[in-house]
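Secondary and tertiary structure notes
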Amino acid sequence: MKILLDIPDNKAISLMNVLRDISYVKAKPLTDSKALLLEEIKEAVEEMKLIKAGKKTARNAEDFLNEL
């Protein structure tokens, strides 16, 4: 099982030390850019769920590409 935790920087070092002392736990910190990427992917998936459920409307792909 994988778990993503959001911990204040001033508490992270002590928690990482505890986790590393547990033999069956593998813990490594995420870089800020990877954490941001994961958050953006999560938001995109949630938006897709809303679109599929009909609670939000999708943008036209051609309009999206024209913005780029």
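Our structure's up above, just so we're on the same page.
Residues numbered from 1 in each chain as written. Predicted model: local features only at pLDDT ≥ 70, side-chain atom pairs only at ≥ 80, totals over all residues. Heavy atoms only, no water.

**Notes on the overall build of the protein**
Here is the rule we go by: The way it works is that DSSP assigns letters per residue, a run of H or I at least four long becomes a helix, a run of E at least two long becomes a strand, and they are numbered from the N terminus. When we talk radius of gyration, it's over C-alpha atoms, and the globule rule is simply 2.2 Å times the number of residues to the 0.38. Residue exposure ignores everything except the shown protein chains as possible cover, and the areas themselves are Shrake-Rupley values with a 1.4 Å probe. None of His or the chain ends enter the tally, which takes Lys and Arg as positive and Asp and Glu as negative. Lysine's charge is taken at NZ, arginine's at CZ, aspartate's at CG and glutamate's at CD.
Broken down by element type, the protein carries 3 helices and 0 strands. Helices (α) and strands (β) of the protein occur, in sequence order from the N terminus, as α-α-α. Taken against the 2.2 N^0.38 rule, which gives 11 Å for 68 residues, the C-alpha radius of gyration of the protein at 18 Å runs more than 25% over that of a compact globule. Projecting the C-alpha coordinates of the protein onto the three principal axes gives extents of approximately 50 × 25 × 20 Å. On the protein, roughly 6,900 Å² of surface is accessible, and the fraction owed to carbon and sulfur atoms is 58%. Here the protein carries 12 positive and 12 negative side-chain charges, and the mean point of each set is 9 Å from the other.

**Observations concerning the environment of M48**
So the rule is basically this: Here the term buried applies to any residue with accessible area under 20% of the maximum for its type, exposed to any over 50%, and partly exposed to those in between, with areas from a 1.4 Å probe on protein chains only.
Within the element layout of this structure, M48 appears in helix α2 (residues 32–52). A residue is classified by how much of its surface remains accessible, and M48, at 46% relative accessible area, is partly exposed. It is 30 Å that separates the C-alpha atoms of M48 and P8, two residues lying 40 residues apart in sequence.

**Concerning a negative patch on the surface**
Quick note on the threshold: Nonpolar side chains (Val, Leu, Ile, Met, Phe, Trp, Tyr) within 5 Å and like charges within 9 Å form the patches, drawn only from residues with over 30% relative accessible area and no salt bridge. Salt bridge criterion: a side-chain nitrogen from Lys or Arg within 4 Å of a carboxyl oxygen from Asp or Glu.
The grouping of D6, E39, E40 and E43 at the surface amounts to a negative patch. Assignment of secondary structure puts E43 in helix α2.

**So, α2**
Put simply, the rule is: In this scheme, a helix's expected span is set at 1.5 Å multiplied by one less than its residue total.
For α2, with 21 residues, the first-to-last C-alpha span of 30 Å sits near the 30 Å given by 1.5 Å per residue. Downstream of α2 by one or two residues, G54 has phi in the positive range, about 80 degrees.

Just distances and angles here, no functional claims.
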